[in-house]
Amino acid sequence: SQKIEQNSEALNIQEGKTATLTCNYTNYSPAYLQWYRQDPGRGPVFLLLIRENEKEKRKERLKVTFDTTLKQSLFHITASQPADSATYLCALDRTSGGSYIPTFGRGTSLIVHP
Amino acid sequence: DARVTQTPRDKVTEMGQEVTMRCQPILGHNTVFWYRQTMMQGLELLAYFRNRAPLDDSGMPKDRFSAEMPDATLATLKIQPSEPRDSAVYFCASGLVGGGRAVGEQFFGPGTRLTVL
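What you see is a predicted model; the values in this text were computed from it and never measured.

Chemist: Help me get a handle on the overall build of chain A, residues and values and all.
Modeler: Counting its regular elements, chain A contains 0 helices and 11 strands. Reading chain A from its N terminus to its C terminus gives the helix and strand order β-β-β-β-β-β-β-β-β-β-β. Since a compact globule built from 114 residues should have a radius of gyration of about 13 Å, the 14 Å found for chain A is in line with a globular shape. Overall size of chain A, expressed as C-alpha extent along the three principal axes, is 45 × 30 × 20 Å. The 114 residues of chain A split such that 46% are buried.

In structure tokens, the structure reads:
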């Protein structure tokens, strides 16, 4: 069966360090992968999209890698700040009837300590 | 600043009652999604519309849930009759899909927190 796995344990790091979150998947052949941020009581907010033919993508302090051989994406936040504390969700597409249907992982909570 | 709006923001109801949630997608977007989020299951896709036509509702319990888009500015999700296990946060999202039919960035609304007693 198809699975998207994100670490259910919260990641605790010190301010200024690099946070690395992992998204692993099985039985998918996604054309792209997305990362979202969700704060308590709010809807997810889009951060980055990376396509299957891209190895890496960057946006300011964020970096995403996509390894279709390992079936894994890594999401990095460099020089982390307490304001980066949130839950981070990865999303993959699955195909259905010729369309791409987004499927989300359950997310990993990041806590950045001052 | 274009946003997805959802009403109501909070809803408390009793088991067996009908619940209707509404969503106004961002003007110009051609896709609308309904999701349900719980601690146990995470974010689950319930329904997906493109150009107002339903594309996928395989994640939606058909016996009690229904989703419609009566026009381009309104999407509705209805539960009848509601049950305590329906308690969750329901999110609507909208986006643009191009010719490749790949879903890009989704813009989420603030959600409706539903409690069924």
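Chemist: Give me the lowdown on the interface of chain A and chain B, citing residues and values where you can.
Modeler: Taken together, the 20 residues of chain A in the interface contact 26 residues of chain B. Roughly 1700 Å² of surface becomes buried between chain A and chain B when both sides are summed, with 52% attributable to carbon and sulfur atoms. In terms of surface lost to chain B, no three residues of chain A exceed Pro102(A), Phe104(A) and Arg106(A), which account for 27% of the buried area on that side. In this structure, the connection of chain A to chain B is made through 0 salt bridges. Between chain A and chain B we count 4 residue pairs in polar contact (both at pLDDT 80 or more) in total. Sorting elements by how many residues they give to the side of chain A that touches chain B places strand β10 (residues 99–104) of chain A first, with 5 residues. Tallied by class, residues from the side of chain A that touches chain B come to 10 nonpolar, 7 polar and 3 charged.

Chemist: Summarise the sheet that holds strand β8 (residues 72–77) of chain A; cite the residues concerned and give the values.
Modeler: All names here are of chain A. Strands sit in the order β1-β3-β8-β7-β6 across an open sheet of 5 strands; the sheet is antiparallel. With partners counted over all chains shown, the strands left at the sheet margins are β1 (3–6) and β6 (56–59), one partner each. Across this sheet, the average inter-strand angle for adjacent strands is 15°, counted without regard to direction. Direction of pairing for β6 relative to strand β7 (residues 62–67): antiparallel, over a ladder of 4 bridges. The partner of Arg58 across the bridge, within β7, is Lys63.

Basis of the calculations
Residues numbered from 1 in each chain as written. Chains lettered and ligands numbered in written order. Predicted model: local features only at pLDDT ≥ 70, side-chain atom pairs only at ≥ 80, totals over all residues. Heavy atoms only, no water. Helix = DSSP H or I, 4+ residues; strand = E, 2+ residues; numbered from the N terminus. Rg over C-alpha atoms; globule rule 2.2 N^0.38 Å. Buried < 20%, exposed > 50% of the residue type's maximum accessible area, 1.4 Å probe, protein only. Contact = heavy atoms within 4.5 Å. Buried area = accessible area lost by both parts, 1.4 Å probe. Salt bridge = Lys/Arg side-chain N within 4 Å of Asp/Glu carboxyl O. Polar contact = N/O pair within 3.5 Å; in protein donor to acceptor, adjacent residues only side chain to side chain. Nonpolar A, V, L, I, M, F, W, Y, C, P; charged D, E, K, R; others polar. Pairing = 2+ DSSP bridges. Axes fitted to C-alpha atoms, helices over the stretch in contact; angles between N-to-C directions.

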